[in-house]
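Spelled out, the chains give:
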Amino acid sequence: MALNFSERDKQSLWHPYTHQFNVTGLPVIVSGKGAWLYDEHNNALLDGISSWWVTLFGHCQPEIVSAVFKQSTELEQVIFAGFSHPQAILLAERLIKLAGNSYSKVFFSDNGSTAVEVALKIALQYFQNQGIKNRTKIICLQNGYHGDTFGAMSVSERSIFTWAFRDLLFEVISIPAPLDIKTAKETISELEDMLKKEEIATFIYEPLLQGSSGMQMYPTEPLNFLLEELQKHKVICIADEVFTGFFRTGTFLASHQLEHQPDIICLSKALTGGFLPLGATLVTPAIYEAFHQPEKRKMLFHGHSFTANPLACAAANATISLLQQPNTLTTLKNYCSKQQDFAQDLGKLKNVNQARHLGMVVAAEIENARSDYTSHLAAQISTTFLQKNIILRPLGNTLYLLPPLFITPADHKWLHETCLDVLSNL
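Residues numbered from 1 in each chain as written. Predicted model: local features only at pLDDT ≥ 70, side-chain atom pairs only at ≥ 80, totals over all residues. Heavy atoms only, no water.

1. A short note on the overall build of the chain
This is how the line gets drawn: Secondary structure elements are defined from DSSP: runs of H or I of at least 4 residues count as helices, runs of E of at least 2 residues count as strands, and each element is numbered from the N terminus. Throughout, radius of gyration means the C-alpha value; the globule benchmark is 2.2 Å times the number of residues raised to the power 0.38. When a residue's accessible area, from a 1.4 Å probe over protein chains only, is under 20% of the maximum for its type it is buried; when over 50% it is exposed; and in between it is partly exposed. Contacts between residues were defined by any pair of non-hydrogen atoms, one from each residue, lying within 4.5 Å. Accessible surface is estimated by sampling points in the Shrake-Rupley manner with a 1.4 Å probe; for residues, cover comes only from the protein chains shown.
Along the chain, the regular secondary structure elements total 13 helices and 16 strands. In summary, the chain has a C-alpha radius of gyration of 22 Å against a globular reference of 22 Å for 426 residues, a match within 12%. Once the C-alpha set of the chain is aligned to its principal axes, its extents read approximately 65 × 55 × 45 Å. Per-residue burial over the chain gives 51% buried out of 426 residues. Residue pairs at least 24 apart in sequence account for 70% of intrachain contacts in the chain once pairs closer than 6 positions are excluded. For the chain, the accessible surface area stands at approximately 20,000 Å², while carbon and sulfur atoms represent 55% of it.

2. Concerning the packing of helix H7 (residues 181-196) against helix H8 (residues 220-232)
What counts is decided by this rule: To get an axis, a line is fitted to the C-alpha atoms, and for a helix only the part in contact is used. The angle between two axes follows their N-to-C directions and goes from 0 to 180 degrees. Any angle that is under 35 degrees is reported as roughly parallel, and any over 145 degrees as roughly antiparallel; angles of 65 to 115 degrees are reported as roughly perpendicular and all others as oblique. Handedness of a helix crossing follows the sense of rotation of the near helix relative to the far helix, less than a right angle counterclockwise being left-handed and clockwise being right-handed.
H8 packs onto H7 with a crossing angle of 15° between their chain directions and a minimal axis gap of 9 Å. In terms of orientation, H7 lies roughly parallel with respect to H8. Remark: the crossing between H7 and H8 carries right-handed chirality. Counting all contacts with H7, which are made through Ile181, Ala184, Lys185, Thr187, Ile188, Leu191 and Leu195, the residues of H8 involved are Glu221, Pro222, Phe225, Leu226, Glu229 and Leu230.

3. Side note on the side chain of serine 255
With respect to the helices and strands, the residue serine 255 is situated in the loop between strand E10 (236-240) and strand E11 (264-267). Apart from residues no more than four positions distant in its own chain, serine 255 is found in contact with Pro207, Ala239, Glu241, Gln261 and Pro262.

4. With respect to the environment of asparagine 425
Basically, it comes down to this: The term polar contact refers here to a pair of N or O atoms within 3.5 Å; inside protein, the definition further demands a hydrogen-donor-capable atom paired with an acceptor-capable atom, and it admits residues adjacent in sequence only when both atoms are side-chain atoms.
Checked against the element boundaries, asparagine 425 lands in the segment after helix H13 (409-424). Through-space distance from the C-alpha of asparagine 425 to that of asparagine 351 is 9.4 Å; in sequence the pair is 74 residues apart. A polar contact is formed between the side chain of asparagine 425 and the backbone oxygen of aspartate 421, at a distance of 2.8 Å.

Printed below as a string of structure tokens:
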């Protein structure tokens, strides 16, 4: 008798962020539509986390399906070193406009981690190209997460994610997240000597919402202060908007809620509506000019085989077209309002602490204390909700909800009601 897919999965696959020891049969998803996924036994599961924050509208969104199919009949791939194609050109133009026209160039890559790697390399080489050799220090936020490649790990929190490589990561200066203006001012004071000596090259941060650290949210004022002070000293500021972009915080970019804008922006995840991998790194004209030089050694030596893949760019262009429809913004407003109401209801439960809301995201701690990513509570919560046909993946004991934007009002209501019921009896 042939093994079913779940049993075959155990024999051949190594899953990301999954404890492999005695791993049991995982649900095998064979199809999806809207906010729902369907496994090999035709069980319907509501996707409460947009499949790791990438499925912006819903699964198999028809407009994106059509765009990818059409592109696949015309051009599926072309080397992007020395060549270009219409979908990439259109996408770059649209991203620059949506970002606010303060940016002049887009460098495409494969995912969020590579978008960050590109940004870090650009920021460091920017000073090298100008003969400024002492600007090498990097500042990042405590509890930050920027990806799993070596550069991205280096500027992330030293944690269980990075412990095996702790002696190999390059040195960075980790500062407290700017939760209040007092903290931000103290941070600048502590950095004053390095700022005066012009040693700091770049500052990378997740604006307003640190996702993987437990959906930690912080206000605009202290971050504005940090950006203003650092940019006064010509520090290149990198906004990692891989998660926060595409209206996750209520605006197209979280940075759009700030007075002071970054010099470099990293995008991915929802960029293609969840259809295909794609990363984008946007830079200002001043940064690009440092690479627009006659000496070949000053060019950016970086690239990927699938840079600006035409299928991925077509999906991203379809995503942007959907976002720009008037009814989409109305749907977004209603969605965020429902999430806010749910956060208030969540905060009334006895076993829930720090219920909070920002844009499309609702998060709260189950029990009173934060716990790390390996918390037994996370697995318990995931299993409990899966039995209720809901896919959730807590970060430690931090539970968060982020279903696709085009979830139906009835399904959204059912999701919230079921969550409150489960958590009341957890």
